[in-house]
Structures are given as C-alpha cells and as structure tokens.
Amino acid sequence: MIVERPGRLILVPTPIGNLSDMSERAIETLKAVSRIACEDTRTSGVLLSHYGISTPTTSFHAHNEHGKATRLVESMIRGDDIALISDAGSPGISDPGYLLVRAALDAHLEVTSLPGPSALIPALAASGLPSDRFVFEGFLPPKKGRQTRIKALVEEDRTVILYESPHRLKKLLTQLAEHAGMDRQAVVARELSKKFEEFRRGTLEELLAWVNDVTKVRGEIVVLIASPKASQRLNEAPKSGEAW
Ligand code: SAM
C-alpha cells in the first residue's frame, strides 16, 4: 500500500455546558476526519448526532489510552486523520490527550489543536483576579501530597486556578484558609456557560460562609486564588458597598 501522506491528529474542544459553543470549524473537522477518538462514545454521541456528524468513533479514555494510542498512531501512519474529543472542553486539559499527542509526535506525525471551550479561561477572565499571569494546577491530589501542594500554591505570585468536585469544595476552601489565612481573596466559578452559571467572589471566609449556608453545592466548579499581593490590594481597595 502506498500512503501519499500520513494522517494528522487534531484535538477538537467541545462545549463545557452550552451546545452553541461548538464552532463551525470543530463541526467541519469532525465530519472530515476518518475517525473520532472519544473519551466516552456514548456521551459524545449526543453531541455528534446533534450536529449530524456520522464519522465512526472509537473510545479513548484513562483506562485504555496506552494500547489505544499505539493503534491510533498506526492508523494515522496509514493515512487516516484522527480527531480527539473529550466529554467536555479541551482534550488534554485535565482529560486524556497528552499520551496520544506524545505518541503521535514520537511517530513524527503532525499534531494540531483547534482553539475552543475550556473551563479555566472563562473562569479566569471573569474572575476579577489578575489575569496577566496565572498558573493552572487542574485537580489537586485527593490525599497524598495535597497539603504540600496547597502550601506552595498559596505562596504563588500568580493567580492559581484549580478544578474541584463540588463535594470536596468545602474541604478545599478550609485547607486553603489554613495556609493562606481567612482574608485571602478567591473566586468560585460554577456551572460556566450553563443556565445556573454563578461567580462567587470574596475572601475565603466569605466563601466558606456561603458554602456552609447552602445545603449542597452542585455542578462543576473552578476555584481561583489571588496571590498574597493581589489579595492585599483587593482587600485594601475601597468598596462600592455593593456585593461584587
Ligand atoms: N477538559 C476540560 C476543560 O478543558 O476545562 C476539563 C475536564 S475535567 C475532567 C472536568 C472539570 O473541569 C470539572 O470538575 C470542573 O472543575 C471543570 N469544569 C468543566 N466544565 C465546567 C463548567 N461548565 N463550569 C465550571 N467548571 C467546569
């Protein structure tokens, strides 16, 4: 078999809560490739059928990515273009992707990513915390190494962005307060781009009071922590008297 050109790996971001955030280019790309590797073929099936995309799919997730990466690379070498999508947002960002990107590059294949939805950027952009320099940490380890990581992060001189599950939010805010102090400015961005999108901005003390007040925090969450200096500036800034 003569292959005129090897295929490419294209990472395609998908909406994080609002189907209308799917770009035209993302739809065209998913229609044009030979196969779509999905974190969960059933979850992505809903999105794909909504946009009339009938490209064959295959699963690519945390439990099969090693073996699957090899097979997908072989298929790209044979000339197939492969798109990778995750359940929501950008593949490779707290989602499977890195391993396949690395395997494709090691095989000298072309790798590209479409720009598109991801929870961290809208959370940062609308947080009101400095957005010129930031560090994205994704999910903290649930147990081992968590305290060490938190200790270092609260000393950061850039805005820190974390992903967290709603049932661990109270624990995270409490641990952050232990190391950063109750007066550290932070933001909880919840359900971005969805019907009940919400930004809670204030000190860790205020955020903990809110968490204790609501029976159960639901939905998807991004937590942002101001650096010690930015927090001090915000705490000293004159307030308009209105909640922000
Ligand atoms: N790949 C995704 C991205 O690009 O943002 C992240 C996937 S990660 C498995 C899922 C986590 O992202 C959630 O637990 C939450 O922390 C964050 N997240 C995803 N969608 C969100 C949304 N609509 N609002 C707030 N946070 C969200």
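For clarity, every value in this text was computed on a predicted model and none was experimentally measured.

K.L.:
Explain the site of the ligand residue by residue, including any values.
P.N.:
I93, D95, S118, Y163 and I221 are the nearest of the 19 residues found near the ligand. Between the ligand and the protein, one listed contact pairs a nitrogen atom with a side-chain N or O atom of D95 at 2.8 Å. With respect to the ligand, the side chain of E220 contributes an N or O atom lying 3.3 Å from a nitrogen atom. Relative to its unbound accessible surface of 580 Å², the ligand loses 90% to contact with the protein. Among the residues forming the shell around the ligand, the class breakdown is 10 nonpolar, four polar and five charged. For the shell around the ligand, the two domains that each supply at least three residues are domain 1 (8-113) and domain 2 (120-240).

K.L.:
Describe in detail the side chain of R190, supporting the description with residues and values.
P.N.:
Considering the arrangement of structural elements, one finds R190 in strand β8 (residues 185-190). Apart from the residues lying within four places of it in its own chain, the contact partners of R190 are F196, E197, E198, V217, R218, G219, E220 and I221.

K.L.:
How would you sum up the domain arrangement of the protein chain? Please name residues and give values.
P.N.:
Domain boundaries assigned for the protein chain yield domain 1 (8-113) and domain 2 (120-240). Its C-alpha centre places domain 1 at a distance of 30 Å from the equivalent point of domain 2. Between domain 1 and domain 2, the contact holds six residues from the first and nine residues from the second. Here domain 1 packs against domain 2, burying approximately 500 Å² in sum over the two surfaces, 61% of which is carbon and sulfur. For domain 1, the biggest contributors to the area lost against domain 2 are I16, I93 and S94; these three give 74% of the whole. At the boundary of domain 1 with domain 2, the tally comes to zero salt bridges. Linking domain 1 with domain 2 are zero residue pairs in polar contact (both at pLDDT 80 or more). Of the residues that constitute the side of domain 1 that touches domain 2, the class distribution is two nonpolar, three polar and one charged.

K.L.:
If you had to explain the nonpolar core to someone new, which residues and values would you point to?
P.N.:
L162, L169, L172, L173, L176, L204 and V223 are the most contacted members of the largest nonpolar core, which has 24 residues in total. Taken together, the elements giving at least two residues each to this core come down to α6 (146-153), β7 (159-164), α7 (169-180), β8, α8 (204-213) and β10 (221-225). When residues in this core are grouped by element, the largest group, six residues, is from α7.

Rules used in this analysis
Residues numbered from 1 in each chain as written. Predicted model: local features only at pLDDT ≥ 70, side-chain atom pairs only at ≥ 80, totals over all residues. Heavy atoms only, no water. Near = heavy atom within 4 Å. Polar contact = N/O pair within 3.5 Å; in protein donor to acceptor, adjacent residues only side chain to side chain. Areas by Shrake-Rupley, 256 points an atom, 1.4 Å probe, with all protein chains shown as cover. Nonpolar A, V, L, I, M, F, W, Y, C, P; charged D, E, K, R; others polar. Domains from an automatic or database assignment. Helix = DSSP H or I, 4+ residues; strand = E, 2+ residues; numbered from the N terminus. Contact = heavy atoms within 4.5 Å. Buried area = accessible area lost by both parts, 1.4 Å probe. Salt bridge = Lys/Arg side-chain N within 4 Å of Asp/Glu carboxyl O. Core = buried A, V, L, I, M, F, W, Y, C linked by side-chain atoms within 4.5 Å. Buried < 20%, exposed > 50% of the residue type's maximum accessible area, 1.4 Å probe, protein only.

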